[in-house]
Amino acid sequence: MVKLFIVGFPRDMEEIELVELFSAYGTVSTVRIITDKDSGISKGYGFLEMTDEAGAQRAIDAMNGATIDEREISVRIAEQKHQPQQKQQQFAKTKPGFNKVKPQGYNKPRFPRENNNRFEQQEAAVPARAKRPRRQQP
């Protein structure tokens, strides 16, 4: 099966009309017109699957650049969706019993207790008091 991407057809065109146009070049298995989620109106593009590659190539040669209701359509083979590699799929699944680790920094004290440079600098700036000599008792 070959999937074709068709863009530029009129928005009021229905799936059955696309099937009628493309069935002249080969057997059409499925048709899907992409519509807006909210309004349900066609976006002017869709996908069509044909059973044989030769029929799909004939449809591309004949229909690419054709005009329907003063609109030029473009027909080409649809690109395959990117499939994740085997290693990426392995890590995509969550394992049962796996606990997420909290990001670093949540359990740190707000003010460090040791090696606080700000307070060490202040202590160094204050001169030490000279001790008075003790009075000796007679």
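Here goes a summary of the coordinates provided. (Residues numbered from 1 in each chain as written. Predicted model: local features only at pLDDT ≥ 70, side-chain atom pairs only at ≥ 80, totals over all residues. Heavy atoms only, no water.)

Focus: the sheet that holds strand 2 (residues 28-35)
Then, number 1: With antiparallel pairing, 4 strands are arranged side by side in an open sheet as 2-3-1-6. The sheet terminates laterally at strand 2 and strand 6 (74-77), the two strands that pair on one side only. Neighbour to neighbour, the strand axes of the sheet diverge by 20° on average, direction disregarded.
Then, number 2: Relative to strand 3 (residues 42-50), strand 1 (residues 2-7) runs antiparallel, the two sharing 6 bridges. Bridging across to strand 3, K3 finds its partner in E49. (Pairing = 2+ DSSP bridges. Helix = DSSP H or I, 4+ residues; strand = E, 2+ residues; numbered from the N terminus. Axes fitted to C-alpha atoms, helices over the stretch in contact; angles between N-to-C directions.)

Concerning a negative patch on the surface
Then, number 1: A cluster of acidic residues, D12, E14, E15, E17, E20, D69 and E70, forms a negative patch on the protein surface.
Then, number 2: Mapped onto the secondary structure, D69 falls in the loop between strand 4 (67-68) and strand 5 (71-72).
Then, number 3: Residue D69 is classed as exposed on the basis of its relative accessible area of 59%. (Patch = residues over 30% accessible without salt bridge, like charges linked within 9 Å, V, L, I, M, F, W, Y side chains within 5 Å. Areas by Shrake-Rupley, 256 points an atom, 1.4 Å probe, with all protein chains shown as cover. Salt bridge = Lys/Arg side-chain N within 4 Å of Asp/Glu carboxyl O. Lys, Arg positive; Asp, Glu negative; His and termini not counted. Charge placed at Lys NZ, Arg CZ, Asp CG, Glu CD. Buried < 20%, exposed > 50% of the residue type's maximum accessible area, 1.4 Å probe, protein only.)

Observations concerning the layout of surface pockets
Then, number 1: Estimates place the volume of the largest pocket at around 230 Å³.
Then, number 2: Lining the largest pocket are K3, T30, V31, R32, F47, L48, E49, A78, E79, Q80 and K81.
Then, number 3: Elements with a contribution of two residues or more to the lining of the largest pocket: strand 2 and strand 3.
Then, number 4: Class assignment of the residues belonging to the lining of the largest pocket gives a composition of 4 nonpolar, 2 polar and 5 charged. (1 Å grid on protein atoms, 1.4 Å probe; cavity = no way out; pocket = protein on both sides within 12 Å on 5 of 7 lines; lining within 4 Å. Points joined across faces, edges and corners; volume = space filled by probe spheres on them. Nonpolar A, V, L, I, M, F, W, Y, C, P; charged D, E, K, R; others polar.)

Some remarks on the packing of aromatic side chains
Two measures describe an aromatic ring pair: the distance that separates the ring centres and the angle between the ring planes.
Then, number 1: A complete count under the given rule lists 2 aromatic pairs for this structure.
Then, number 2: An angle of 55° between the planes, with centres 5.8 Å apart, marks the rings of F5 and Y45 as tilted. Of this pair, F5 sits in strand 1 while Y45 sits in strand 3, and the two are 40 residues apart along the sequence.
Then, number 3: Connected via pairs of aromatic rings, a cluster forms that spans F5, Y45 and F47.
Then, number 4: The cationic tip of K3 hangs over the ring face of F47; the distance from NZ or CZ to the ring centre is 4.9 Å. (Phe/Tyr/Trp six-rings, centres within 6.5 Å; stacked < 30°, edge-to-face > 60°. Lys NZ or Arg CZ within 6 Å of the ring centre and 35° of its normal.)

So far we have only geometry, and geometry alone does not tell us how the molecule works.
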